[in-house]
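Analysis of the macromolecular model
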Amino acid sequence: MAEIQDIQWFPGHMTRTKRKIKESLKLIDAVAEIVDARVPMSSRNPDLTEMSGGKPRLILLNKCDMADPEATKKWLSWFEKNGIKAIAVDCKSGTGIKSFTPAVKELLSDRLMALKNKGMEGKALRVMVAGIPNVGKSSFINRIVGGTKAKVEDRPGVTRGNQWFSVHGGIDLLDTPGVLWPKFDDKIVGERLAFTGAIRDNILDTETLAMRLIETLMPMYGDNIRERYKLGDTEGLDSYEILTLIGRKRGMLIGGGEIDTERAAIMLLDEFRSAKFGRITLELP
Ligand code: G4P
């Protein structure tokens, strides 16, 4: 699937996706919106609610293997309180995937009842999978459809290229028609998506980004960083000093005993993205 960094968010591009989604609405019963459980708000598309035209919606908090389990619980109850059904999944190992079909059936219980009353009990429920790049849409579809990736024939009325996949248990999935954008005009959102690697980290220089990550993590996850890099007491140190200390602990020296903070920054971001210092969520409800 395309990556954010490869995409230019031209207004024309966005208009095209909006149109394609609108055209697809008449073919679907619900929308499954995939978000990154580490940044459940920042990884949402700001216009999807409006584009979904009132279709029932299910949120999938994906990558929950990398997110803080307590935070994921808070997000699940927050979505529930706000009347949005949500489940936590991990498409890498498959955890939680089994709850997708029952969740869709619960979400669409009225539709199932209506089909039953019309004698059309076997008809598949049709769900559009939506989400900004890198949240794991392809991984989810591959995981739930299984190794065979049973593609359904293009259907009448569906724009060529729209892809349908059949899921065991009576659900057909429509892959996002077009590419959805993140809320890229919000600086904090951009930063968080850069931390997770969803967007290219050149929105800021690498050292600044790593320093911002340290500032973001220190209040809640300071111990994780201190333990990972055996930093000892970091009281009173600013983020640059912490980054330098991390570089020193890892023996990242340039000539003359100076610390290579650029290398330390790259390593820190890399280790955060692969959850090396634990399961972390960057935003709470
Ligand atoms: P997209 O279609 O929405 O663009 O996302 P895609 O499935 O391509 O997933 C983006 C990256 O996130 C991939 O990593 C994928 O393996 C990873 N990913 C997806 N779901 C999960 C999950 O639940 N947990 C974890 N830990 N990772 C997940 P990649 O580095 O781009 O590729 P690769 O490592 O799979 O080769």
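A quick note: this is a predicted structure, and the numbers were derived from the prediction, not measured.

Brief notes about the overall build of the protein chain
Helix and strand content of the protein chain: 10 helices and seven strands. The C-alpha extent of the protein chain, read off along each of the three principal axes, is 80 × 40 × 35 Å. Here the protein chain holds 285 residues, and 48% of them are scored as buried. Across the protein chain, every contact between residues at least 6 apart in sequence was considered, and the portion connecting residues at least 24 apart equals 68%. A total accessible area of about 14000 Å² is found for the protein chain, and carbon and sulfur atoms account for 50% of it. Positive and negative side-chain charges in the protein chain, numbering 44 and 39 respectively, have mean positions lying 8 Å apart.

What to know about the site of the ligand
Taken together, 16 residues lie around the ligand, and Asp65, Cys91, Asn134, Ser138 and Ser139 are the ones closest in. One of the backbone N or O atoms of Asn134 is found 2.8 Å from an oxygen atom in the ligand. Between the ligand and Ser139 there is a distance of 2.6 Å, counted from an oxygen atom to a side-chain nitrogen or oxygen. With the chains in place, 67% of the 710 Å² that the ligand exposes on its own is no longer accessible. Among the elements that take part in the shell around the ligand, helix 6 (residues 137–145) stands out by supplying three residues, more than any other. Partitioned by chemical class, the residues of the shell around the ligand number six nonpolar, five polar and five charged.

Side note on the confidence of the model for the protein chain
Here the protein chain shows a mean pLDDT of 89. Residues at 70 or above account for 90%. In this model, residues 152–160 is a region of pLDDT below 50 whose contacts with residues beyond four sequence positions or in other chains number 13 contacts.

Describing the nonpolar core
Leu60, Phe100, Phe140, Leu173, Leu217 and Ile246 are the most contacted members of the largest nonpolar core, which has 58 residues in total. Sort the elements by how many residues they give to this core and helix 8 (residues 206–229) lands first, with nine residues. Both domain 1 (4–175) and domain 2 (205–273) contribute no fewer than three residues apiece to this core. Ignoring any residue separated from it by four or fewer positions in sequence, one finds Leu60 in contact with Ala32, Glu33, Ile34, Val35, Ile87, Val89, Phe100 and Phe140.

As for the state of the cysteines
Tallying each qualifying case throughout the model produces zero disulfides. Cys64 supplies the cysteine sulfur nearest to Cys91, a cysteine that is in no disulfide, at a spacing of 8.7 Å.

Considerations on the pattern of salt bridges
Inspection of the entire model under this criterion finds 15 salt bridges. The residue Lys187 makes a salt bridge to Glu191 at a minimum N-O spacing of 3.8 Å. Here the residue Lys187 and the residue Glu191 both occupy positions in helix 7 (residues 187–196), the gap between them amounting to four residues, near one helical turn. Residue classification places Glu191 among the buried residues on the basis of a relative accessible area of 3%. Between Arg212 and Glu215 there is a salt bridge, with the nearest N and O atoms lying 2.6 Å from each other. Taken together, the residues Arg212 and Glu215, both in helix 8 and three residues apart, mark about one turn of the helix. Looking at Glu215, the relative accessible area reads 36%, which means it is partly exposed. One continuous salt-bridge network, built from bridges that share partners, spans Lys187, Glu191, Arg212 and Glu215.

Focus: the packing of aromatic side chains
Counted according to the given criterion, the structure contains six aromatic pairs. Taken together, a centroid distance of 5.1 Å and an interplanar angle of 75 degrees make the contact between Trp78 and Phe79 edge-to-face.

Side note on unusual backbone geometry
Of note in this structure, Lys63 is not a glycine but carries a positive phi near 65 degrees. Relative to the helices and strands, Lys63 resides in the loop between strand 2 (57–62) and helix 3 (69–81).

Each value, and the rule that gives it
Residues numbered from 1 in each chain as written. Predicted model: local features only at pLDDT ≥ 70, side-chain atom pairs only at ≥ 80, totals over all residues. Heavy atoms only, no water. Helix = DSSP H or I, 4+ residues; strand = E, 2+ residues; numbered from the N terminus. Buried < 20%, exposed > 50% of the residue type's maximum accessible area, 1.4 Å probe, protein only. Contact = heavy atoms within 4.5 Å. Areas by Shrake-Rupley, 256 points an atom, 1.4 Å probe, with all protein chains shown as cover. Lys, Arg positive; Asp, Glu negative; His and termini not counted. Charge placed at Lys NZ, Arg CZ, Asp CG, Glu CD. Near = heavy atom within 4 Å. Polar contact = N/O pair within 3.5 Å; in protein donor to acceptor, adjacent residues only side chain to side chain. Nonpolar A, V, L, I, M, F, W, Y, C, P; charged D, E, K, R; others polar. pLDDT = per-residue confidence, 0-100. Core = buried A, V, L, I, M, F, W, Y, C linked by side-chain atoms within 4.5 Å. Domains from an automatic or database assignment. Disulfide = S-S within 2.5 Å. Salt bridge = Lys/Arg side-chain N within 4 Å of Asp/Glu carboxyl O. Phe/Tyr/Trp six-rings, centres within 6.5 Å; stacked < 30°, edge-to-face > 60°.

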